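The lines below spell out each chain.
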Amino acid sequence: MPSVPALAIAPQPKLIKPHDRGWRSASLELTLAVFEPAFANQFRGARLRAEERGPDWLTQAAASFRKLLLGMLHTVAPDEFVLPWVQDRKRQLDRNGRPTRSTKIEWLCRSIQNKGYRTFVKHELCSALEVLELLSQAVHVNDFPELEESFESAAARVEFAIAHISRLSGRQRSS
């Protein structure tokens, strides 16, 4: 089975100082910049929109978090690496013959040795897929007060998922 290539770190035109939200968010933003500078911008944009709560903030923050989560998942679990594993194990493919998002999560989690922890991470990442559906709804509706009220919880779930996907990508490169 082919291994995932180490991600090349593209030279950045300038180092972006992380937004001051605490060391955990700053660390995540810098990690994202290593994967893809646009990911760090999407993260920063989502957080800033959520903090400012200006006009149409929910749509903008939801769109950025959605794009970021999908981008990370597809970057660290590209179809060409997941597909051979999927076909060998007859895992679920989408209608276009590509691995589903939940299958990509299973593929990422396969390197976790401890069964209990592997189950935990899979459940947490799959729950982030449910948040992804909420974010998609937020982009397409004009009023979503339930998500507005609980946006920080949804954002925390996305941030948790992104951090785990990032860590799991390191396991894929080393295995």
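What you are looking at is a predicted structure, and each value in this text was computed from that prediction instead of being measured. (Residues numbered from 1 in each chain as written. Predicted model: local features only at pLDDT ≥ 70, side-chain atom pairs only at ≥ 80, totals over all residues. Heavy atoms only, no water.)

### With respect to the packing of helix H3 (residues 57–76) against helix H6 (residues 115–140)
Packed helices, taken two at a time, are described by the angle between their axes plus the distance between the axes. The N-to-C vectors of H3 and H6 enclose an angle of 140°; their axes lie 8 Å apart at closest approach. The angle between H3 and H6 falls in the class oblique. You can see that H3 and H6 cross each other, and the crossing is left-handed. Across the interface between the two elements, Leu58, Thr59, Ala62, Ala63, Phe65, Arg66, Leu69 and Leu70 from H3 touch Ala128, Leu132, Leu135, Ser136, Ala138 and Val139 from H6. Taken together, the residues of the contact of H3 with H6 sort by class into 11 nonpolar, two polar and one charged. (Axes fitted to C-alpha atoms, helices over the stretch in contact; angles between N-to-C directions. Helix = DSSP H or I, 4+ residues; strand = E, 2+ residues; numbered from the N terminus. Parallel < 35°, antiparallel > 145°, perpendicular 65-115°, else oblique. Left-handed = near helix turned anticlockwise from the far one by under 90°. Contact = heavy atoms within 4.5 Å. Nonpolar A, V, L, I, M, F, W, Y, C, P; charged D, E, K, R; others polar.)

### Considerations on the environment of asparagine 41
Structurally, asparagine 41 is set in helix H2 (residues 37–52). What makes asparagine 41 partly exposed here is its relative accessible area of 43%. For the pair asparagine 41 and leucine 68, spaced 27 residues apart in the sequence, the C-alpha separation amounts to 9.2 Å. (Buried < 20%, exposed > 50% of the residue type's maximum accessible area, 1.4 Å probe, protein only.)

### Quick look at the packing of aromatic side chains
In the structure shown here, the tally under the stated rule is five aromatic pairs. Here the aromatic rings of phenylalanine 120 and phenylalanine 160 are separated by 6.3 Å at their centres, their planes lie at 80°, and the arrangement is edge-to-face. With phenylalanine 120 in helix H6 and phenylalanine 160 in helix H8 (residues 151–174), this pair connects stretches of sequence that are 40 residues apart. In this structure phenylalanine 160 comes out as partly exposed when scored by relative accessible area, which is 28%. Through a chain of ring-to-ring contacts, the aromatic side chains of Phe43, Trp57, Phe65 and Phe151 assemble into a single cluster. (Phe/Tyr/Trp six-rings, centres within 6.5 Å; stacked < 30°, edge-to-face > 60°.)

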